[in-house]
Amino acid sequence: MSRPAEEMTAEPVLSVNNIEVVYDDVILVLRGVSLEVAQGRIVALLGANGAGKSTTLKAISGLLKTEDGEVTRGNVTFEGETVSNRPAEEIVRRGIFQVMEGRRIVEDMTVTENLRLGAFTRRDKEAVRADIDMVFDYFPRLRERANGLAGYLSGGEQQMLAIGRALMARPKMLLLDEPSMGLSPLLVKEVFSIIGKINREQGLTMLLVEQNANYALRMADYGYIMESGKIVLDGTREELMNNEDVKESYLGGGEERRSFKNLKSYKRRKRWL
Ligand code: ATP
């Protein structure tokens, strides 16, 4: 079902090859997931709660280990080298950064201190200063609160800080886990527009996990849809946005969609699987 992302033209920098993930030695959560992300592109990974999106990101970033999870079949390669089941620190050193769901900023440190923390492996002090300025240019709200404690930021500002902190490490690739979570529609729009700008200006490769399919697809070059630990559909932004099942199940809205959700989900599964 899953088709390689040749439409993206560029070489994949990240390949997830038919991975199976098991938690606590017994709980099988991913059942053969494959996806590719080409250099400099934004790829969206969409799907309902519990589909396995965060687990896929953690399998890439090495954070699975902290939850007693393991890739038990298949592999993940980054820039041609296998990174699955490698320690998270090694994967960070290779340039992959995960911006976690729920933000995880240090609340009793200031905004600027949090940003410096993102650059803790760097010795180029001048460039770190310049990068803090760059982050403030992307997120002017953070500049206004530079010396304030991060714990006092609003949810949207904390999300901005989490993304800014990841940028401070000069990553090659960002894994973004639900950047829209808990944000007002206006802030979602703002955060997504900045993510798009960072991608365009820095050429930063991104894999974006979202339940908010509307926003995510609009900014992605390519998308994958997950259900119950499997990729059930993939395609370019245009293909997915014009796909009737995607429109019906992920892009629509209103009461009718909610009340028929189960039936439609069943019909969709029958068609996709
Ligand atoms: P959500 O949007 O709710 O985060 P998701 O698509 O990101 O959903 P995952 O968080 O990857 O889904 O979860 C996939 C499945 O794996 C779920 O059934 C979940 O209960 C299970 N799971 C996740 N983390 C663990 C863990 N540490 N131990 C055991 N099972 C887990």
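Since the structure is predicted, the reported quantities are computational estimates derived from the model, not experimental observations.

Parameters at a glance
- Residues numbered from 1 in each chain as written.
- Predicted model: local features only at pLDDT ≥ 70, side-chain atom pairs only at ≥ 80, totals over all residues.
- Heavy atoms only, no water.
- Core = buried A, V, L, I, M, F, W, Y, C linked by side-chain atoms within 4.5 Å.
- Buried < 20%, exposed > 50% of the residue type's maximum accessible area, 1.4 Å probe, protein only.
- Helix = DSSP H or I, 4+ residues; strand = E, 2+ residues; numbered from the N terminus.
- Contact = heavy atoms within 4.5 Å.
- Phe/Tyr/Trp six-rings, centres within 6.5 Å; stacked < 30°, edge-to-face > 60°.
- Lys NZ or Arg CZ within 6 Å of the ring centre and 35° of its normal.
- Lys, Arg positive; Asp, Glu negative; His and termini not counted.
- Salt bridge = Lys/Arg side-chain N within 4 Å of Asp/Glu carboxyl O.
- Near = heavy atom within 4 Å.
- Polar contact = N/O pair within 3.5 Å; in protein donor to acceptor, adjacent residues only side chain to side chain.
- Areas by Shrake-Rupley, 256 points an atom, 1.4 Å probe, with all protein chains shown as cover.
- Nonpolar A, V, L, I, M, F, W, Y, C, P; charged D, E, K, R; others polar.
- Pairing = 2+ DSSP bridges.
- Axes fitted to C-alpha atoms, helices over the stretch in contact; angles between N-to-C directions.

## Topic: the nonpolar core
Counting 54 residues, the largest nonpolar core has Phe139, Leu142, Leu174 and Ile198 as the members making the most contacts within it. Sort the elements by how many residues they give to this core and helix H7 (residues 185-202) lands first, with 7 residues. With sequence-adjacent residues up to four places away left out, Leu142 is seen in contact with Val111, Val135, Phe136, Leu153, Glu157, Met160 and Leu161. Of all hydrophobic cores here, the second largest spans 31 residues; its members include Leu14, Val16, Leu57 and Leu64.

## Here's the deal with the packing of aromatic side chains
A full pass over the atoms with the stated rule returns 2 aromatic pairs. Taken together, a centroid distance of 5.6 Å and an interplanar angle of 20 degrees make the contact between Phe192 and Tyr215 stacked. One end of the pair, Phe192, is in helix H7; the other, Tyr215, is in helix H8 (residues 213-219), and 23 residues separate them in sequence. Taken individually, Phe192 and Tyr215 each receive the classification buried, so the pair is uniform in this respect. For the cation-ring pair, Arg218 lies above Tyr215, with the distance from its terminal atom to the ring centre recorded as 5.1 Å.

## With respect to the side chain of Glu210
Among the structural elements, Glu210 can be located in strand E8 (residues 205-210). Look at Glu210: it is buried, it has no salt bridge, and the nearest opposite charge is Lys53 at 8.5 Å.

## Brief notes about the site of the ligand
Around the ligand sit 15 residues in total, of which Asn49, Gly50, Lys53, Ser54 and Thr55 are the nearest. In the model, an oxygen atom of the ligand is placed 2.7 Å from a nitrogen or oxygen of the Ser54 main chain. Relative to its unbound accessible surface of 630 Å², the ligand loses 68% to contact with the protein. Contributions of two or more residues to the shell around the ligand are made by strand E2 (27-38) and helix H1 (53-61). For the shell around the ligand, the leading source of residues is H1, giving 3 residues. Split by residue class, the shell around the ligand holds 5 nonpolar, 6 polar and 4 charged.

## With respect to the pattern of salt bridges
Scanning the entire structure with this criterion turns up 18 salt bridges. Asp137 is paired through a salt bridge with Arg143; the nearest N and O atoms lie 3.0 Å apart. Residue Asp137 is classed as partly exposed on the basis of its relative accessible area, which comes to 48%. By relative accessible area, Arg143 is classed as partly exposed at 36%. For Arg141, the salt bridge identified is with Glu157, shortest N-O distance 3.6 Å. Taken as a pair, Arg141 in helix H5 (residues 140-144) and Glu157 in helix H6 (residues 155-167) lie far apart in primary sequence, 16 residues in all. On the basis of relative accessible area, Arg141 is assigned to the partly exposed category, the value being 28%. On the basis of relative accessible area, Glu157 is assigned to the buried category, the value being 5%. Residues joined in a network through salt bridges with shared partners are Arg141, Glu144, Arg145, Glu157 and Glu190.

## Points about the side chain of Asn199
On the secondary structure map, Asn199 appears in helix H7. Relative accessible area serves as the criterion here: at 11%, Asn199 is assigned to the buried category.

## Let's talk about the sheet that holds E8
Pairing in this open sheet of 6 strands is mixed, and the strands run E6-E7-E8-E3-E9-E10 from one edge to the other. Since the sheet does not close on itself, it has two edges, and those belong to strand E6 (96-99) and strand E10 (230-236), each with one partner. When strand polarity is set aside, the average angle formed by the axes of neighbouring strands in this sheet is 15 degrees. In this sheet, strand E9 (residues 222-227) lies alongside strand E3 (residues 42-47) in parallel orientation, the contact comprising 5 bridges. When the bridges of E9 are listed, Leu46 appears paired with Ile225.

## Here's the deal with unusual backbone geometry
Backbone geometry at Asn18 places phi at a positive 50 degrees, although glycine is not the residue there. Here Asn18 shows up in strand E1 (residues 12-23). Judged by its relative accessible area of 36%, Asn18 is partly exposed. If you check the backbone angles, Asp24 has positive phi at about 50 degrees while not being a glycine. Within the fold, Asp24 resides in the loop between E1 and E2. For Asp24, a relative accessible area of 40% puts it in the partly exposed group.

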